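In case you want the letters, here they are:
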Amino acid sequence: MTRILAYRFSAFGDVAMCVPIFREILEQNPDLEIVMVTKNFFRDMFEGIPRLTFKGINLKEYSGFFKLRKLAHELTEEYQPDYVTDLHDVIRTKILDKVLKFNQYKVFVIDKGKSEKEHLTDIWNLDKKQLKRTVERYADVFRNIGMEVQLSHQLRPSAEKKEGVGFAPFAQHAGKVLPVEKSFEVARLISRHKKVYFFGGGKEEVEMLQKWAEELPNTVSLAGKQLSLREELERISRLELMISMDSANMHLASLAGTRCISVWGATHHFAGFLGYGQREEDIVQVKDLTCRPCSVFGDKECFRGDWACLHELEVQQIIERVLK
């Protein structure tokens, strides 16, 4: 049995995209084990995958070179891997890579396509092209080791009965969020036809979504209900579909096997972050803005100053896809 130690410590969506990849890699390579090292919070996403061991850590306990060296020694002593895969390639993981290479471990590192993404988000670049999907970049790391990996890019529904529409109208960065009035209108129009379940996290989001649920019939707010990640995934798995910004909820829908209508503003699926198994036909965006995408993650200020990518997006674009 070959054992691979993998690590990625970043944002929710980046880690979530590892899950279906690991599942398919392990199915196609029955003599393989994977140990995934990431934040403790993500444990529930990796549950139930045969031959996958989850190692959750508190990153605050491993800040600085010497503590990362300690982490490297702890991981190798506990798991004794045959290979190591760095699926993040940032300063923290570069230090781990160096320590492990020094100790004669073979380390394979993801190619994130940084220069390609910089070119894609150059607002003066008018020749926008689809870049390699992030999930394929993950798979390439294992292919470089010599593993057989053929990704299906298909959803795996886990619930037989599906009902209602999930709506997650918020995201971490402003470049990914529709104006509030547009999101409210989306919820109002859909609730005439289907039951709507609101998803959100922060205090202001919870308060706003609760207010919407009180104002709009046929809607329920699940925001602030203190659902565990496992419970949230289970709830999403029972939805007919999810509506999400380019955010974590899109990737949770993929893990739950639920179709997702995704809304994109300053970001673009060309950068490779469309949810696993989600369809390009379910992407909602303003197509004729040459400045898009101006950001890979949606964390930059609007070059034009008017967020046209979000303010010019028509609510009806979303409604049509929901009621199709």
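In short, a report on the structure. Everything numeric in this text was worked out from a predicted model, so none of it was measured. (Residues numbered from 1 in each chain as written. Predicted model: local features only at pLDDT ≥ 70, side-chain atom pairs only at ≥ 80, totals over all residues. Heavy atoms only, no water.)

### Structural notes on the pattern of salt bridges
- Going through the model one piece at a time under the given rule, you end up with 21 salt bridges.
- Residues Arg156 and Glu27 are paired through a salt bridge, measuring 2.8 Å at the closest nitrogen-oxygen approach. Separated by 129 residues along the polypeptide, Arg156 in the loop between α6 (134-145) and β6 (165-168) and Glu27 in helix α2 (residues 18-28) bring together distant segments of the chain.
- Classification of Arg156 by relative accessible area gives partly exposed; the value is 39%.
- Residue Glu27 is classed as partly exposed on the basis of its relative accessible area, which comes to 48%.
- Put simply, Arg143 and Glu136 hold a salt bridge, and the shortest N to O gap is 2.9 Å.
- Through salt bridges with shared partners, a single network forms among Lys132, Glu136, Asp140 and Arg143. (Salt bridge = Lys/Arg side-chain N within 4 Å of Asp/Glu carboxyl O. Helix = DSSP H or I, 4+ residues; strand = E, 2+ residues; numbered from the N terminus. Buried < 20%, exposed > 50% of the residue type's maximum accessible area, 1.4 Å probe, protein only.)

### Re the sheet that holds strand β7 (residues 196-198)
- If you walk across this open sheet you meet the 6 strands as β8-β7-β6-β9-β10-β11, and the pairing is parallel. Two strands in the sheet have a free side with no partner beyond their single neighbour: β8 (219-221) and β11 (283-284).
- Where helix α8 (residues 203-215) meets the sheet, its contacts fall on β6, β7 and β8, and the angle it forms with β8 comes to roughly 155°.
- Across the sheet, helix α10 (residues 248-256) touches β6, β9 (241-245) and β10 (260-263), and the angle it forms with β9 is around 150°. (Pairing = 2+ DSSP bridges. Contact = heavy atoms within 4.5 Å. Axes fitted to C-alpha atoms, helices over the stretch in contact; angles between N-to-C directions.)

### So, α2
- In terms of burial, α2 is a largely internal element, 8 of the 11 residues being buried.
- Within α2, the full set of buried residues consists of Cys18, Val19, Pro20, Ile21, Phe22, Glu24, Ile25 and Leu26.
- Each element contacted by the buried residues of α2 is listed here: β1 (2-7), α1 (12-16), β2 (32-39), β3 (52-57), α6 and α10.

### A closer look at the environment of Ala271
- Following the sequence through the fold, Ala271 ends up in the loop between β10 and β11.
- Put simply, Ala271 and Gln316 are 45 residues apart on the chain and 25 Å apart in space, counted from C-alpha to C-alpha.
- The contact partners of Ala271, leaving out residues within four places of it in the chain, are Lys117, Leu120, Leu131, Lys132 and Thr134.

### Let's talk about unusual backbone geometry
- Here the bond from Arg292 into Pro293 is cis, since omega is -10°, no more than 30 degrees from zero.
- One non-glycine residue, Gln80, lies in positive phi territory at about 45°.
- With a phi close to 50°, Trp307 is a non-glycine residue in the positive phi region.
- If you trace the backbone, Trp307 turns up in the loop between β11 and α11 (308-311).
- Taking the relative accessible area as the measure of exposure, Trp307 reaches 19% and is therefore buried.

### Thoughts on the packing of α2 against α6
- Between α2 and α6, the least distance of the axes is 10 Å, while the angle of their chain directions is 40°. In terms of orientation, α2 lies oblique with respect to α6. As α2 runs across α6, the sense of the crossing is right-handed. Judged by residue contacts, Cys18, Ile21, Phe22 and Ile25 of α2 engage Val135, Tyr138, Ala139 and Phe142 from α6. (Parallel < 35°, antiparallel > 145°, perpendicular 65-115°, else oblique. Left-handed = near helix turned anticlockwise from the far one by under 90°.)

### Quick word on the pairing of β2
- For β2, the tally of buried residues reaches 6 of 8 residues, placing the bulk of the element in the interior.
- Bridge count between β1 and β2: 6 bridges; the pairing is parallel. The partner of Thr2 across the bridge, within β2, is Leu32.
- In this sheet, β3 lies alongside β2 in parallel orientation, the contact comprising 6 bridges.

### A short note on the side chain of Ser237
- Mapped onto the elements of the fold, Ser237 is located in helix α9 (residues 229-237).
- Apart from the residues lying within four places of it in its own chain, the contact partners of Ser237 are Ser158, Ala159, Lys162, Ala256 and Thr258.

### Considerations on the packing of aromatic side chains
- Under the definition given, this model contains 14 aromatic pairs.
- Between Tyr7 and Phe9, the aromatic rings sit 6.1 Å apart at their centres with planes inclined by 5°, giving stacked as the arrangement. Accessibility classification places Tyr7 together with Phe9 in one group, the buried group.
- With a centroid separation of 5.5 Å and an interplanar angle of 75°, the aromatic rings of Phe184 and Trp212 are classed as edge-to-face. Highlighted residues: Phe184 in helix α7 (residues 180-190) and Trp212 in helix α8, separated in sequence by 28 residues.
- The lysine or arginine in question, Arg235, covers the ring of Tyr197, its NZ or CZ lying 4.3 Å from the ring centre. (Phe/Tyr/Trp six-rings, centres within 6.5 Å; stacked < 30°, edge-to-face > 60°. Lys NZ or Arg CZ within 6 Å of the ring centre and 35° of its normal.)

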